[in-house]
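Tertiary structure, described
Chain by chain, the residues:
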Amino acid sequence: MADFQSVFGAAPAGVWAAPGRVNLIGEHTDYNDGFVLPVALPHAARATARRRDDGVLRLFSEQGDGGVTELRVADLAPGTVEGWAAYPAAVVWALREAGHQVGGADLHFDSDVPSGAGLSSSAALECVVATAYRDLYELPLTAADLALTAQRAENAFVGVPCGVMDQMASMCCVDGSALFLDTRDLTQRQVPLDLAGQGLRLLVIDTRVKHDLGDGAYAELRAGCERAAALLGLPALRDLPPVGLDSALDRLPAELRPLVRHVVTEDVRVERAVALLDAGDLAGLGPILTAGHASLRDDFRVSCPETDLAVAVAVAAGALGARMTGGGFGGSVLALVPAPALDHVAAAVTTAFTAEGWAAPRTFAAVPAAGARRLG
Ligand code: ADP
Ligand code: MG
């Protein structure tokens, strides 16, 4: 643990935090202009920071490579920064691209969001930089503005073609609620999620696997969805009404049909989930989660043996429902569990993984937490 003062030789101006997230339902819908329903995790990236007026950006992370990365803000351009430092540098670049006259900073990061686990440690890192910069440079930007800037940073500078869900969740979530977000126009509504009041827990199971095919596959799936929308003459798959699904599928090449079926049915699942939460029926969410997993496994084909097993074992051990969360090819599973069954379900999944000869998953109960904020 190297604190700000010992790394940068000066006192910081403040501390900011931005959380990771777990998405209740609405997977691979955010780049199809569809709906998502994430909650922020208590796990967050923290940035201790001070502004610099010499145009130098210095970056250090407790979870980084051990060194200080020093960059000139004026020289930032896509492709110029390697490794983890690309994420924070990207945000500074994107703010400047958007016309904000921001300069340098010293930034010290410490995050307890598991990295590469589908819980969005990357968006947490981007959003904590965006939030610190907003305050250090007094930028007149809303949380949604900062989320869009962070997404542009990840897309254009880091080179990951992600949708906007992760950044919006990290910026806009509210303690105790899920964020119902329309990714087309960023209309949002906070939906109270009183898990404890209903005797429920949200168990997160980080499988600790990340299969390599993920990165290229994500871009291919996104391109497939966009091609299907174009073939159907629609701006995005969000515009295909569920009642027209079967006839639309008939007009598409066979390889695109399951992608479209997933996206259209997933949007319906998000709307159903929100209706249940509004009605106070949290337990009713369970079957929707499990149906969402089946769609990701059989139609979108982004699950893997580890997430499939975790879902099956969690449900068999008493979860009301479970599904993989995040982009897929590994990462985490979330399970909706009656509180008394929490430890049993976690232990059952761990036992099943051990029996397969796999490393034990990391499990924790997620409590819906607040979005990005200044801590001090
Ligand atoms: P996820 O967002 O699901 O955790 P990603 O692959 O999108 O997975 O992002 C993980 C990457 O983000 C890491 O490999 C690293 O480059 C960067 N990252 C996230 N958090 C930190 C951190 N605290 N310090 C340094 N790099 C980080
Ligand atoms: Mg990420």
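Please read all numbers here as calculations on a predicted model, not as lab measurements. Residue positions within a chain follow its written sequence, with the count starting from 1. Chains carry letters and ligands carry numbers; both start at the beginning, A for chains and 1 for ligands, and go up in the order they are written. Residues qualify for local features only when their pLDDT is at least 70, as the model is predicted, and side-chain atom pairs are given and counted only at 80 or more; totals for whole chains, interfaces and linings, by contrast, use all residues.

**Examining helix 11 (residues 342-355)**
- By definition, any uninterrupted DSSP run of H or I lasting at least four residues is a helix, any uninterrupted run of E lasting at least two residues is a strand, and each is numbered from the N terminus. What a helix is expected to span follows from its residue count: subtract one and scale by 1.5 Å. Across its 14 residues, helix 11 extends 20 Å between first and last C-alpha, which sits within 8% of the 20 Å expected from 1.5 Å per residue.
- For helix 11, every residue scored as buried is listed here: Val345, Ala346, Val349 and Phe353. Within helix 11, the buried residues cover an arc of 100° as seen down the axis, which keeps them to one side. Opposite the buried face of helix 11, by more than 90 degrees, sit the exposed residues Ala347, Thr354 and Ala355. The exposure scheme places C-beta atoms from the backbone and then counts, for each residue, the other C-beta atoms within 10 Å of its own, assigning buried at 20 or more, exposed at 12 or fewer, and partly exposed in between. Working definition: the arc comes from the directions between the helix axis and the C-beta atoms, pointing outward to the latter.

**Quick notes on the sheet that holds strand 4 (residues 56-61)**
- Note on pairing: two strands pair once DSSP finds at least 2 bridges between them. Reading across from one edge, 5-4-6-3-1-13 is the order of the 6 strands in this open sheet, with mixed pairing throughout. Strands with a single pairing partner mark the edges of an open sheet, and in this sheet they are strand 5 (69-72) and strand 13 (373-374).
- Examined bridge by bridge, strand 4 and strand 5 share 4 bridges and lie antiparallel to one another. Note on strand 5: the bridge partner recorded for leucine 59 is threonine 69.
- Against the sheet, helix 5 (residues 165-172) makes contact with strand 1 (14-23) and strand 3 (38-52), and its axis sits at roughly 130° relative to strand 1, the strand it touches most. A pair of residues counts as a contact when their C-beta atoms, built from backbone coordinates, are separated by no more than 7 Å. Axis definition: a line fit to C-alpha positions, over the contact stretch in the case of helices; interaxial angles, taken between N-to-C directions, run 0 to 180 degrees.

**Remarks on the UniProt feature "domain: GHMP kinase N-terminal" (unreviewed entry) in the chain**
- Under the present numbering, the feature "domain: GHMP kinase N-terminal" (unreviewed entry) in UniProt falls on residues 88-172.
- The span residues 88-172 is 59% helix and 9% strand, and its two end C-alpha atoms sit 19 Å from each other. UniProt positions are given in the numbering used here, feature names are shortened, and annotations may be inferred rather than shown by experiment.

**What to know about the site of ligand 1**
- Working rule for contacts: place C-beta from the backbone, and if it is within 6 Å of a molecule or strand, that residue counts as near it. Not every one of the 18 residues close to ligand 1 is listed here, only the nearest: Ser61, Trp84, Ser111, Ser121 and Ser122.
- Put simply, the parts of the chain that give the shell around ligand 1 at least two residues each are strand 6 (104-111) and helix 3 (121-136).
- Looking at the shell around ligand 1, the element that brings in the most residues is helix 3, giving 3 residues.
- Of the residues contributing to the shell around ligand 1, the split by class is 7 nonpolar, 11 polar and no charged. Asp, Glu, Lys and Arg are counted as charged, while Ala, Val, Leu, Ile, Met, Phe, Trp, Tyr, Cys and Pro are counted as nonpolar; the rest, among them Gly, fall into the polar class.

**Details of the pairing of strand 8 (residues 188-192)**
- Here 5 bridges tie strand 7 (residues 177-182) to strand 8, and the two strands are oriented antiparallel to one another. Pairing of serine 177 across the sheet is with proline 192, part of strand 8.
- The antiparallel pairing of strand 7 with strand 8 creates a hairpin that spans 5 residues between the two strands, and leucine 186 there sits at a positive phi of about 60°.

**Some details on helix 5**
- Counting buried positions along helix 5 gives 8 out of 8 residues, so the element sits mostly inside the fold.
- Every buried residue of helix 5 is accounted for by Met165, Asp166, Gln167, Met168, Ala169, Ser170, Met171 and Cys172.

**Observations concerning the domain arrangement of the chain**
- With domains assigned, the chain is organised as domain 1 (2-190) and domain 2 (193-366).
- Facing the 28 residues of domain 1 at the interface are 35 residues of domain 2.
- For the side of domain 1 that touches domain 2, the secondary structure elements donating two or more residues are strand 1, strand 2 (35-36), strand 3 and strand 7.
- Counting residues per element, the side of domain 1 that touches domain 2 draws most heavily on strand 7, at 3 residues.
- Classifying every residue of the side of domain 1 that touches domain 2 by side-chain character gives 15 nonpolar, 10 polar and 3 charged. What marks off one domain from the next here is an automatic or database domain assignment.

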